[in-house]
Amino acid sequence: MSDVTLPPRSAYEHLTRVRATRPGEIARAAARRRRRGLPAEGERLLVIAADHPARGALAVRDRPLAMASRTDLLDRLCTALSRPGVDGILASPDILEDLLLLGALEGKLAFGSMNRGGIQGAVFEADDRFTGYDAASIDAMRLDGGKMLCRIDPDDPATVTTLESCAAAISDLARRQLVAMVEPFWSGRPGGGPLRNDLSPEAVIRAVSVAQALGVTSAYTWLKIPAVADMERVMDATTLPALLLGGDPPDIDAAYADWGRALRLPGVRGLVIGRALLYPPDDDVATAVDGAAALIREVGP
């Protein structure tokens, strides 16, 4: 997959032994982890996203169980995190804990995924319960912030619960001066089918407008939004810093072009990309990550 030295199989066996016999080692690893600060003026970030499995979202393109192997996913994450220009990771507690024990988070930003209760394809998908980190545990584990998915479906009464929960989490993180990374979508079930996100500029603007007003303060709120058509108009809807998400694009070259154009907008502060970099069509994670890092460098401060 790359020239990166990956953890040996014995390291993964060690993870299970530690979890079974010395679970307190996870907190100790978090306490001694070397951290890095939030971005300086003009600095853009490249963050790897890996919280999809916690929501039962294991597919990548035409591979329905692409993310099912935890050791394979950890290999890919270790490769990505080792590449120059990668600033950090966004993941659920189980994955962050594995990476902590592997020593892969030294000098990296780490954001904890908070709400994974909206299981992909479930009838209750819009009811995005907070089943992962809370603000107190993010603070205790010395993470840099928390991420929450905020899907707004006007036809689903569960949306109001999600909005209220996200507002409380944003407020709780801000009290601790921790970043709240909010991923808003205007969503619906066209024809009564699965929940789908509307990626039109108008829908993204509407979702951003709701999300940026959640909580008692927006001082520590960042947005995680898709690179859609007419991004100039989308970014004109907010003064909050925004990171671009990657999703599962069918055409990776087109996705790189979209990210590159959007990164040139003043409010866009970087990329938070998962499957597109971890599971590229040719399975060369290092090259895919290096390409994204090159986009960041090309834009500059």
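Let me sum up the structure you'll find in this document.

Analysis parameters
Residues numbered from 1 in each chain as written. Predicted model: local features only at pLDDT ≥ 70, side-chain atom pairs only at ≥ 80, totals over all residues. Heavy atoms only, no water. Helix = DSSP H or I, 4+ residues; strand = E, 2+ residues; numbered from the N terminus. Expected span 1.5 Å × (residues − 1). Contact = heavy atoms within 4.5 Å. Polar contact = N/O pair within 3.5 Å; in protein donor to acceptor, adjacent residues only side chain to side chain. Axes fitted to C-alpha atoms, helices over the stretch in contact; angles between N-to-C directions. Left-handed = near helix turned anticlockwise from the far one by under 90°. Nonpolar A, V, L, I, M, F, W, Y, C, P; charged D, E, K, R; others polar. Patch = residues over 30% accessible without salt bridge, like charges linked within 9 Å, V, L, I, M, F, W, Y side chains within 5 Å. Areas by Shrake-Rupley, 256 points an atom, 1.4 Å probe, with all protein chains shown as cover. Salt bridge = Lys/Arg side-chain N within 4 Å of Asp/Glu carboxyl O. Buried < 20%, exposed > 50% of the residue type's maximum accessible area, 1.4 Å probe, protein only. Phe/Tyr/Trp six-rings, centres within 6.5 Å; stacked < 30°, edge-to-face > 60°. Lys NZ or Arg CZ within 6 Å of the ring centre and 35° of its normal.

1. Let's talk about helix α6 (residues 158-175)
Since the α-helix turns once every 3.6 residues, residues separated by three or four places project in the same direction.
Reasoning step 1: Under the 1.5 Å per step criterion, the end-to-end length of α6 is 26 Å for 18 residues, consistent within 8% with the ideal 26 Å.
Reasoning step 2: Lining the buried residues of α6 we find α5 (135-140), β4 (145-152), β5 (179-188), α7 (201-211) and β7 (221-226).
Reasoning step 3: Where α6 terminates, the next one or two residues include glutamine 177, which has phi positive at roughly 55°.

2. Structural notes on the side chain of arginine 33
Reasoning step 1: Summarising the element assignment, arginine 33 is placed in the loop between α2 (25-32) and β1 (45-50).
Reasoning step 2: Within the structure, arginine 33 has its side chain in polar contact with the backbone oxygen of leucine 105 (distance 3.3 Å).
Reasoning step 3: Ignoring anything within four residues of it in the chain, the contact list for arginine 33 reads Leu100, Leu105, Glu106, Lys108, Ala110, Arg142, Leu143 and Asp144.

3. Observations regarding the packing of helix α3 (residues 70-82) against helix α4 (residues 93-102)
Reasoning step 1: At a minimum axis separation of 11 Å, α3 and α4 run at an interaxial angle of 65°. As for the relative orientation of α3 and α4, their crossing is right-handed in sense. Each of Arg70, Leu73, Leu74, Leu77, Cys78 and Leu81 in α3 lies in contact with α4, whose residues at this interface are Asp94, Ile95, Asp98, Leu99 and Leu102.
Reasoning step 2: The residue makeup of the contact of α3 with α4, split by class, is 8 nonpolar, no polar and 3 charged.

4. Focus on a nonpolar patch on the surface
Reasoning step 1: Together, Ile119, Val123 and Phe124 make up an exposed nonpolar region whose accessible area comes to about 300 Å².
Reasoning step 2: As for its placement among the helices and strands, phenylalanine 124 is situated in the loop between β3 (109-113) and α5.
Reasoning step 3: For phenylalanine 124, a relative accessible area of 43% corresponds to the partly exposed category.

5. A few points about the packing of helix α1 (residues 9-21) against α3
Reasoning step 1: Contact geometry of α1 with α3 gives a least axis separation of 11 Å together with a crossing angle of 115°. Crossing handedness for the pair α1 and α3: right-handed. Between α1 and α3, the contacting residues are Arg9, Tyr12 and Leu15 on the first element and Thr71, Leu74 and Asp75 on the second.
Reasoning step 2: Its residues placed into classes, the contact of α1 with α3 shows 3 nonpolar, 1 polar and 2 charged.

6. Quick notes on α1
Reasoning step 1: The end-to-end C-alpha separation of α1 is 19 Å, in line with the 18 Å expected for 13 residues at 1.5 Å each.
Reasoning step 2: If you follow the buried residues of α1, they end up packed against α2, α3 and α4.

7. Structural notes on the packing of aromatic side chains
Reasoning step 1: All told, the structure shown has 1 aromatic pair when counted by the stated rule.
Reasoning step 2: A cation over an aromatic ring shows up here: arginine 206 above the ring of tryptophan 186, its NZ or CZ 5.3 Å from the ring centre.

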